[in-house]
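Below are the chains, spelled out letter by letter.
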Amino acid sequence: MGIRWQLASLGIGCAVLLVASAIPGFGQISSADGGSRCWPAEALTMRPGERAIHHVPYDPSIEPHKTDVNLAPLASAKRGSIRSVKLPHGEKLVALTFDLCENAGEISGYDGEIIDTLRRLGAKATFFPSGKWLLDHKERAQQLLADPLFQVGSHSWTHRNFRLLSQEDVKADLALDLKADAKVRETLHARACYRPAFSQQSDLDHATLFRFPFGTCNADSLSAVNDAGLLAIQWDVVSGDPAPAQSAEAIRRGVVASVKPGSIIVMHANGRGWHTAEALPLLVEDLRKRGFDFATVGELLEKGEPVIADSCYEVKPGDNARYDKLFPLDRPAKTQTHAANGATQSTAAGGNR
Ligand SMILES: [Zn+2]
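Because the structure is predicted, anything quoted here is derived from the model rather than measured.

Draft legend 1. Representation of the nonpolar core within the structure. In terms of nonpolar packing, the biggest core is built from 78 residues, with Ala125, Phe127, Ala232 and Ile265 touching the most fellow members. Looking at this core, the element that brings in the most residues is helix α5 (residues 167-190), giving 7 residues. Those residues in contact with phenylalanine 127, other than ones at most four positions away along the chain, are Phe98, Leu100, Leu144, Phe150, Val152 and Ala269.

Draft legend 2. Just the environment of serine 311, in detail. When you line up the elements, serine 311 lands in the loop between β13 (305-309) and α10 (323-326). Spatially, the C-alpha atoms of serine 311 and asparagine 218 are 6.7 Å apart, while their sequence positions differ by 93 residues.

Draft legend 3. Broad picture of the packing of helix α7 (residues 248-258) against helix α8 (residues 276-289). At a minimum axis distance of 8 Å, the contact between α7 and α8 shows a crossing angle of 40°. Considering only the axes of α7 and α8, their crossing is right-handed. Touching Ala248, Ile251, Arg252, Val255 and Val256 of α7 are Thr276, Glu278, Ala279, Leu282, Leu283, Asp286 and Leu287, all from α8. A per-class count over the contact of α7 with α8 returns 8 nonpolar, 1 polar and 3 charged.

Draft legend 4. Representation of the confidence of the model for the protein. Averaged over every residue, the pLDDT of the protein is 84; the share at 70 or more is 80%. Of the regions scoring below 50 in pLDDT, residues 1-34 engages in 76 contacts with residues more than four places distant in sequence or in other chains. This stretch, residues 332-350, has a pLDDT under 50; its non-local contacts, to residues over four places away or in other chains, come to 46 contacts.

Draft legend 5. A look at the environment of valine 307. The topology assignment puts valine 307 in strand β13. Under the C-beta neighbour-count criterion, valine 307 is labelled buried, with 21 such atoms within 10 Å. Taking the C-alpha atoms as reference points, valine 307 and tryptophan 235, separated by 72 residues in sequence, lie 10.0 Å from one another.

Draft legend 6. Here's a closer look at α5. Across its 24 residues, α5 extends 34 Å between first and last C-alpha, which sits within 8% of the 34 Å expected from 1.5 Å per residue. On its buried side, α5 packs onto α3 (131-136), α4 (138-146) and α6 (219-227). The first or second residue beyond α5 is alanine 192, which carries a positive phi of 60°.

Conventions and cut-offs
Residues numbered from 1 in each chain as written. Predicted model: local features only at pLDDT ≥ 70, side-chain atom pairs only at ≥ 80, totals over all residues. Core = buried A, V, L, I, M, F, W, Y, C linked by C-beta atoms within 7 Å. Buried ≥ 20, exposed ≤ 12 C-beta atoms within 10 Å, placed from the backbone. Helix = DSSP H or I, 4+ residues; strand = E, 2+ residues; numbered from the N terminus. Contact = placed C-beta atoms within 7 Å. Axes fitted to C-alpha atoms, helices over the stretch in contact; angles between N-to-C directions. Left-handed = near helix turned anticlockwise from the far one by under 90°. Nonpolar A, V, L, I, M, F, W, Y, C, P; charged D, E, K, R; others polar. pLDDT = per-residue confidence, 0-100. Expected span 1.5 Å × (residues − 1).

As structure tokens, then:
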């Protein structure tokens, strides 16, 4: 269970530089306005009701028909569960991360207030959408991908508990997930909504980061994710935002109390973060006052050494075993959604779903 420090030899791609040309009526390319030349400002901003979660039976026709995406397995130094990043002395960067979970029996939300706040404050962030979320929110997914403030990883196809899945099912899930991810990125390329600057070339074509649904894994699923070429990104700071009782002030206070340079903070932007949008401006302001700034997970990894554990957990090894009972594979998706809303389950830390 021990944490080991490993040297970061993470892929450092060349920067992609594109000429920022203004298109009349469209946002100019800059981090301040969302970094996109494909959408007018009003198309980027939040819309009422968009954060709502709808229960919809799974329709297999959404599964992407596309050639398998085959990435090279990760080298040994990058394998395992990445908790945070050890940065050089004096670097006070942290990563805000937002999961966009979506299970088979729902279309989850897009919490636009969060994204609008990040853009308004110029705060970098990393998103982990389920593959199905990407296909159910194609325009929003492309907007996130096109924005140089943001990095977009992956959060499985339909957010099942990977600790309970067979190896075969894990592979099948990852295959669908990577196809969905590649499909959305391809569409973005076709629209020429490239980012004006991006530090990791590989990220333009496919996700490089993965977050386990519920933060649960076992040795086999961790290996499968790494064999699929994905870095398993967890966190060292829990916001507790899926718990309704976790107020904005409690989120701010809890994060600030445990954050350190190189921290990875887990939150939700799919309608399951109850007070996340309200907490975010407070949190960004407070962390900046304390001398912190924000980086994507990829940028953190480029600057330091990942802190890697050999298991997946919330705060300490073994502490998320309860999720195997809360989120078994045979439970109907709607029931899982209820629990995942935090309406029936919460923990001292607020849990991560
Ligand atoms: Zn999730």
